[in-house]
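Residue-level structural notes
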Number of protein chains: 2
Amino acid sequence: MDGHSLIKQYWRACEERDWEAFGRTVAPDVVYRDPQTREIVRGRADYVAFNQTYPGDWHLTVERVIARDDEGVSWTSFAVGDETMTGLCFFRFGDGLITEIDDFWPEPYEPPTREVPVVDRY
Amino acid sequence: MDGHSLIKQYWRACEERDWEAFGRTVAPDVVYRDPQTREIVRGRADYVAFNQTYPGDWHLTVERVIARDDEGVSWTSFAVGDETMTGLCFFRFGDGLITEIDDFWPEPYEPPTREVPVVDRY
């Protein structure tokens, strides 16, 4: 399976809470990191448990996937109730499985004042 | 130029403060968005000005680039004094130039308590 399809399958299984299928997309020694919290989870069983116990009735939409043979990235929207969060995941692949995940959750913030009047809001 | 080289050239020109070369990597009608602040900048001249006036003596390192023909992503580290920030940029390309940029700045935060003891810190 190519990287693009692998990422799509990972997220499909995640949204469907199909934890067996989800586990099959990651390597036995997968490593997950959250660079913002410096959390790390090692190994398939622990990583599945980490996702399976993630709180909230979340539902995800895959916005973008960019991948090549050995690495890829996804931009997803996670809706929980009225709130929508953005998730950005960098993946590395090996032997057709996900071997590394770096998972970012950028949050809204108020912009600083800019020196030049070239910025609008959307 | 392929997407990977285009992104590398964009960041090289940025780090070198070579604003002419930087401007040549983006389309005349380039659109920049910051999804966290909902800021938007339209057009090459304004976008160059936005970057040229960005405060601080920042220096960037390109950590990862993943690209294909029509889109790509970069993970960069921005050092300003003792602080290092992470920048994640999604790009779209057209006619060999950058046409759209979505720029994320995820910040560190304290992790929530997890239900299962599978998480370490690094």
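Criteria and cut-off values
Residues numbered from 1 in each chain as written. Chains lettered and ligands numbered in written order. Predicted model: local features only at pLDDT ≥ 70, side-chain atom pairs only at ≥ 80, totals over all residues. Heavy atoms only, no water. pLDDT = per-residue confidence, 0-100. Helix = DSSP H or I, 4+ residues; strand = E, 2+ residues; numbered from the N terminus. Contact = heavy atoms within 4.5 Å. Buried < 20%, exposed > 50% of the residue type's maximum accessible area, 1.4 Å probe, protein only. Buried area = accessible area lost by both parts, 1.4 Å probe. Salt bridge = Lys/Arg side-chain N within 4 Å of Asp/Glu carboxyl O.

Chain A has the name Nuclear transport factor 2 family protein in an unreviewed UniProt entry, where Janibacter limosus is given as its organism.

**Concerning the confidence of the model for chain A**
With 100% of its residues at a pLDDT of 70 or more, chain A shows a mean pLDDT of 95. Among the scores for the predicted complex, ipTM is 0.94 and pTM is 0.95.

**Section: the environment of Val 62 of chain A**
Its place among the elements puts Val 62 of chain A in strand β3 (residues 58–67). Residues contacting Val 62 of chain A, with those up to four places away along its chain left out, are Lys 8, Trp 11, Trp 75 and Thr 76 of chain A.

**Observations concerning the side chain of Thr 25 of chain B**
All names here are of chain B. Residue position: Thr 25 is located in the loop between α2 (19–24) and β1 (26–34). Here Thr 25 falls in the buried class, since its relative accessible area comes to 0%. Not counting residues within four places of it along the chain, the set of residues in contact with Thr 25 comprises Leu 6, Gln 9, Tyr 10, Leu 97 and Ile 98.

**Re the interface of chain B and chain A**
Contact with chain B, which involves 49 residues of that partner, is made by 49 residues of chain A. Across the chain B/chain A interface, buried area totals approximately 4700 Å², and carbon plus sulfur atoms make up 59% of it. On the chain B side of the interface with chain A, the three residues burying the most area are Arg 64, Phe 90 and Tyr 122 of chain B, jointly 17% of the side's total. Applying the counting criterion to the chain B and chain A interface returns six salt bridges.

**Digging into the pattern of salt bridges**
The tally for this structure, following the rule as stated, stands at 24 salt bridges over all chains. With its nearest N and O atoms 3.6 Å apart, the salt bridge here joins Asp 120 of chain A to Arg 42 of chain B. Linking Asp 120 of chain A in strand β7 (residues 120–121) with Arg 42 of chain B in strand β2 (residues 39–42), this pair reaches from one chain into another. Looking at Arg 42 of chain B, the relative accessible area reads 48%, which means it is partly exposed. Note that Glu 71 of chain B and Arg 68 of chain B form a salt bridge whose closest N and O atoms lie 2.3 Å from each other. Classification of Glu 71 of chain B as buried rests on a relative accessible area of 5%.

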